[in-house]
Amino acid sequence: MATKIYAALLRGVNVGGSRKVPMARLRALLEGLGLTGVRTYLQSGNAVFAADHGDEDVLAAELAAALEQEFGFGVDLLVRDHAYLRAVVDACPFPAADLEGRQLHVTYFSGPVDAARFAALDQAGFLPEEFRLGERALYLYAPEGLGRSRLGVALGRPALTKGLVATTRNWNTVTKLAELTETPGAGR
């Protein structure tokens, strides 16, 4: 099996003083699992690594088990390869080049999502905020940023994400993860 480069997207770590996962310990944990070219990006639970075994789901399960053993709490996470991350960037339905990184977000999902899941949301009531669906992803345009987004709050309701792991990144992080997974071992 050929070596592929992946990003691990941890959900809900290092926010609000709880569920701390120091990035140095995360890098060591990934290396201890036999993964190579390990790097982290920011403190919000983004790691990049190369693996020559498994697929996204197998790697996510291995990493989740190791995180729980190391830190004593469960961490929802997704593992995505470079091809997927690049496809998400390339498929953006909003004019990303004309927006600030804080205005555009992607929520990655563990499985497919369709319009029926979000049909009860009155999108017109949230304008100028908007969302569009992609492949296991949701693109959110929030001109005032996610922290002030009423649509972001509505989209994050457990009823809409039931049965899925969902984790959101701003556009700067989305593009950086696609870049970091392109070439192995470039920095920390």
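Whatever comes next refers back to the structure up there.
Novice: Can you explain the environment of V174? Please cite residues and give values.
Specialist: Assignment of secondary structure puts V174 in helix α6 (residues 171-180). Given a relative accessible area of 0%, V174 falls into the buried group. Setting aside its immediate chain neighbours within four residues, V174 contacts V88, V89, V106, Y108 and R169.

Novice: Just give me the short version of the layout of surface pockets, but keep the residues and values in it.
Specialist: Roughly 750 Å³ of internal volume is contained in the largest pocket. Around the largest pocket sit 33 residues that line it, and R11, L146, A166, T167 and T168 are the ones nearest its centre. When residues of the lining of the largest pocket are traced back to their parent elements, those giving at least two are β5 (104-109), β7 (137-141), α4 (150-155) and β8 (166-170). Looking at the lining of the largest pocket element by element, the count peaks at 5 residues for β8.

Novice: Quick rundown of the pairing of β5? Include the residues and the values.
Specialist: The buried count for β5 comes to 6 of 6 residues, which makes it a mostly enclosed element. Residues L104, V106 and Y108 point to one face of β5 and H105, T107 and F109 to the other, with burial holding for every one of them. Looking at chain direction, β5 and β7 are connected through 5 bridges and run antiparallel. Opposite Y108, over in β7, you have A137 as the bridge partner.

Novice: Go over empty space enclosed by the protein, please, and point to the residues and values.
Specialist: Overall, the coordinates contain 1 cavity of 30 Å³ or more when judged by the stated rule. The calculated volume of the largest cavity comes to roughly 40 Å³. Looking at which element gives the most residues to the lining of the largest cavity, the answer is helix α2 (residues 56-71), with 3 residues. Taken together, the residues of the lining of the largest cavity break down into 6 nonpolar, no polar and 1 charged.

Novice: Tell me about the sheet that holds strand β2 (residues 36-41), and name the residues and values.
Specialist: The sheet built from 4 strands is open, its strands ordered β2-β3-β1-β4 with antiparallel pairing. Since the sheet does not close on itself, it has two edges, and those belong to β2 and β4 (77-81), each with one partner. Each strand of the sheet is rotated relative to its neighbour by a mean of 20 degrees, with strand direction disregarded. In this sheet, strand β3 (residues 46-51) lies alongside strand β1 (residues 4-10) in antiparallel orientation, the contact comprising 6 bridges. If you follow L9 over to β3, its bridge partner there is N46. Across the sheet, helix α3 (residues 82-90) lies against β1 and β4, angled at about 90 degrees from β4, the strand it touches most.

Novice: Give a description of the packing of aromatic side chains that names residues and reports values.
Specialist: For the structure shown, the criterion picks out 5 aromatic pairs. The aromatic ring of Y84 is capped on one face by R80, whose charged end is 5.4 Å from the ring centroid.

Novice: Outline the pairing of strand β6 (residues 130-134), supporting the account with residue identities and numerical values.
Specialist: The pairing of β6 with β7 spans 5 bridges and is antiparallel. Bridging from a neighbouring strand, F131 pairs with L140 of β7. Where β6 folds back onto β7 in an antiparallel hairpin, the turn is made up of 2 residues, including R136, whose phi is positive at roughly 55 degrees.

Novice: Quick rundown of the nonpolar core? Include the residues and the values.
Specialist: Judged by nonpolar contacts, the single largest core of 25 residues is most densely connected at V88, V106, Y108 and W171. Elements supplying a minimum of two residues to this core: β1, β3, α3, β5, β7 and α6. The element contributing the most residues to this core is α6, with 5 residues. When residues no more than four places from it in sequence are discounted, the contact partners of W171 are V88, V89, C92, A96, G101, L104, H105, V106 and Y139. Residues F49, A51, L59 and F71 belong to the second largest nonpolar core, which totals 23 residues.

Rules behind the numbers
Residues numbered from 1 in each chain as written. Predicted model: local features only at pLDDT ≥ 70, side-chain atom pairs only at ≥ 80, totals over all residues. Heavy atoms only, no water. Helix = DSSP H or I, 4+ residues; strand = E, 2+ residues; numbered from the N terminus. Buried < 20%, exposed > 50% of the residue type's maximum accessible area, 1.4 Å probe, protein only. Contact = heavy atoms within 4.5 Å. 1 Å grid on protein atoms, 1.4 Å probe; cavity = no way out; pocket = protein on both sides within 12 Å on 5 of 7 lines; lining within 4 Å. Points joined across faces, edges and corners; volume = space filled by probe spheres on them. Pairing = 2+ DSSP bridges. Nonpolar A, V, L, I, M, F, W, Y, C, P; charged D, E, K, R; others polar. Axes fitted to C-alpha atoms, helices over the stretch in contact; angles between N-to-C directions. Phe/Tyr/Trp six-rings, centres within 6.5 Å; stacked < 30°, edge-to-face > 60°. Lys NZ or Arg CZ within 6 Å of the ring centre and 35° of its normal. Core = buried A, V, L, I, M, F, W, Y, C linked by side-chain atoms within 4.5 Å.

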